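Residues per chain, in single letters:
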Amino acid sequence: MTVRSHPTSSEQRLPGPETSDGSHPRHAPAPPHPGVVDLDGVRRMSGAAPDAVAASGRLLGIDFGGTKMAVGVADHSGRLLVAKRVATQAERGARQALDRALELAAELLARAGGELTAAGIASPGVIRPDGIDLAPNVPGWEGLRLADAVRERLGVAQVAVANDLNAAALAELRIGLLRDADPGLVVGLGTGVAAAVTTQGTVLSGQRGAAGEIGYAVTGWSGPESMLERVFSGGALDRLAATFGLTGGAAALCAEAARPGPAREALRARLDEFARHLVTCCLLIDPRRVVLVGGVAGNPLVRELLAERLTEALPYRPELVLSGFPDDAALLGAVTMAAELVSTPDRG
């Protein structure tokens, strides 16, 4: 998923959640504080003692994306003390991206002080112990062993790695807009496109950890180009923008599509293809709420057009809302994973 390039800090207030029409969802409680993981709630669910985490302990979260990487250090209560985003520079390959992220993590940990007790890592693709599948946006990513790399570089024993959208869904479950919604659906519209199903307080992973990889949904039968991610995603819209001579990628295309014309028609056609697949997802699981995350999801026109299609097609339309932290969900999910490792050490 894509994050924006501006830095964050524990003092930055993130935008509140919105429905597709700009209002706040009727049933969705606001997070206790932007950037805060509800560790007390985590402990209650796990049965861990309140003093399970040392007061000086630090939690590390890293969100690897195809366009940007976000690194954050949180205190034992889950409050982000310091965080920063940097470009992935995917064209330079996987190893340099990993090395720069770990260098940044070491820098932020030194700035925050305290002892690192656990780390959570959010990554594109399907995570295996010896590599990563279905992560085509950064050359060489499939050969990385992220948990081992973090342990070796930062000297921390407890490391959890998960798919980035699954991490985002965990954040929505614990501190976001799915705390009172079951089942729920999180849809990531960033560099790629994916979905995550939440039910009974957990994120559905599937047999191989590939549940929700809707970017591979079939849009035709003419080879690899006939998959949803090549039609509608941040990367696909970047390429579409270039055909109109627009600089600025997907954001520029959406701005141009705000008024009638060829760009709007082209965006609508691409979004309609995505909407058909999202309708099927909703028919399959009947979610109470659909939460959108990622840079493309932040565009009001995209949400408006998508809401129109869901209203037209679904007999029971779920609430369609923008995450309260659309660009930070995976990072906060990574911090949440680290928190749950410490609260329930047997998971590490």
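Some points on the side chain of Ser233
When you line up the elements, Ser233 lands in the loop between helix 5 (228–231) and helix 6 (234–243). In this structure the side chain of Ser233 is engaged in a polar contact, spanning 2.7 Å, whose partner is the backbone oxygen of Glu229. Each residue touching Ser233, except ones within four places of it in the same chain, is listed here: Gly190, Thr191, Gly192 and Val193.

A closer look at the packing of helix 6 against helix 8 (residues 262–285)
As a packed pair, helix 6 and helix 8 sit with axes 11 Å apart at the nearest point and diverge in direction by 155 degrees. One way to sum up the angle between helix 6 and helix 8 is to call them roughly antiparallel. For the element pair helix 6 and helix 8, the recorded crossing hand is right-handed. Residues Ala236, Leu237 and Leu240 of helix 6 form the contact with helix 8, whose own contacting residues are Ala266, Leu267 and Arg270. Split by residue class, the contact of helix 6 with helix 8 holds five nonpolar, no polar and one charged.

Quick word on the environment of Arg174
With respect to the helices and strands, the residue Arg174 is situated in helix 4 (residues 164–175). Between the C-alpha atoms of Arg174 and Thr202, which are 28 residues apart in sequence, the distance is 9.7 Å. Within the local environment of Arg174, its side chain forms a polar contact with the backbone oxygen of Gly201, the two atoms lying 3.2 Å apart.

Points about the sheet that holds strand 3 (residues 68–74)
Adjacent strands of a sheet pair through backbone hydrogen bonds, lying either parallel or antiparallel. The five strands lie next to each other as 4-3-2-5-8, forming an open sheet whose pairing is mixed. The sheet is open, and its two borders are formed by strand 4 (80–87) and strand 8 (159–163), each paired with just one other strand. In this sheet, neighbouring strand axes are inclined to one another by 15 degrees on average, regardless of whether the strands run parallel or antiparallel. As paired strands, strand 5 (residues 115–123) and strand 8 are joined by five bridges and run parallel to one another. Considered in strand 8, the bridge of Ser123 is made with Asn163. Helix 4 contacts strand 2 (57–64), strand 5 and strand 8 of the sheet and is inclined by roughly 105 degrees relative to strand 8.

A short note on empty space enclosed by the protein
Applying the stated criterion to the full structure yields two cavities of 30 Å³ or more. Taken as a whole, the largest cavity encloses approximately 280 Å³ of empty space. Lining the largest cavity are 23 residues; nearest its centre among them are Pro124, Asp164, Gly192, Val193 and Glu229.

Considering the confidence of the model for the chain
Detailed reading of the predicted model is not advised wherever pLDDT is low. For the chain, per-residue confidence averages 86 on the pLDDT scale, and 83% of positions sit at 70 or higher. Note on residues 1–54: pLDDT under 50 across the span, and 132 contacts to partners over four residues away in sequence or across chains.

A look at the pattern of salt bridges
Pairs can form between side chains of opposite charge whenever their charged atoms are close. In total, this model carries 17 salt bridges according to the counting rule given. Between Glu308 and Arg268 there is a salt bridge, with the nearest N and O atoms lying 3.3 Å from each other. Within this pair, whereas Glu308 is found in helix 9 (residues 300–313), its partner Arg268 is found in helix 8, the two being separated by 40 residues in sequence. On the basis of relative accessibility, which here comes to 32%, the residue Glu308 falls in the partly exposed class. Measuring nitrogen to oxygen at the nearest pair gives 2.8 Å for the salt bridge that ties Asp272 to Arg309. On the criterion of sequence distance, the pair formed by Asp272 in helix 8 and Arg309 in helix 9 is long-range, its members being 37 residues apart. Here Asp272 falls in the buried class, since its relative accessible area comes to 16%.

Things to note about the packing of aromatic side chains
Enumeration over the complete set of coordinates arrives at two aromatic pairs. Relative to Trp141, the ring of Phe64 has its centre 5.1 Å away and its plane inclined at 65 degrees; by these criteria the two rings are edge-to-face. One end of the pair, Phe64, is in strand 2; the other, Trp141, is in the loop between strand 7 (131–133) and helix 3 (146–154), with 77 residues separating them in the sequence. With a relative accessible area of 3%, Trp141 lands in the buried category.

Digging into the pairing of strand 2
Burial analysis of strand 2 places eight of its eight residues in the buried class, which makes it a mostly covered element. In this structure, strand 2 lies alongside strand 5, joined through seven bridges in parallel fashion. For Gly61, the partnering residue across the bridge sits in strand 5 and is Gly120. In this structure, strand 2 lies alongside strand 3, joined through six bridges in antiparallel fashion. Bridge pairing in strand 3 links Ile62 to Val71. Connecting strand 2 to the antiparallel partner strand 3 that follows it, the hairpin turn spans three residues.

What counts and how
Residues numbered from 1 in each chain as written. Predicted model: local features only at pLDDT ≥ 70, side-chain atom pairs only at ≥ 80, totals over all residues. Heavy atoms only, no water. Helix = DSSP H or I, 4+ residues; strand = E, 2+ residues; numbered from the N terminus. Polar contact = N/O pair within 3.5 Å; in protein donor to acceptor, adjacent residues only side chain to side chain. Contact = heavy atoms within 4.5 Å. Axes fitted to C-alpha atoms, helices over the stretch in contact; angles between N-to-C directions. Parallel < 35°, antiparallel > 145°, perpendicular 65-115°, else oblique. Left-handed = near helix turned anticlockwise from the far one by under 90°. Nonpolar A, V, L, I, M, F, W, Y, C, P; charged D, E, K, R; others polar. Pairing = 2+ DSSP bridges. 1 Å grid on protein atoms, 1.4 Å probe; cavity = no way out; pocket = protein on both sides within 12 Å on 5 of 7 lines; lining within 4 Å. Points joined across faces, edges and corners; volume = space filled by probe spheres on them. pLDDT = per-residue confidence, 0-100. Salt bridge = Lys/Arg side-chain N within 4 Å of Asp/Glu carboxyl O. Buried < 20%, exposed > 50% of the residue type's maximum accessible area, 1.4 Å probe, protein only. Phe/Tyr/Trp six-rings, centres within 6.5 Å; stacked < 30°, edge-to-face > 60°.

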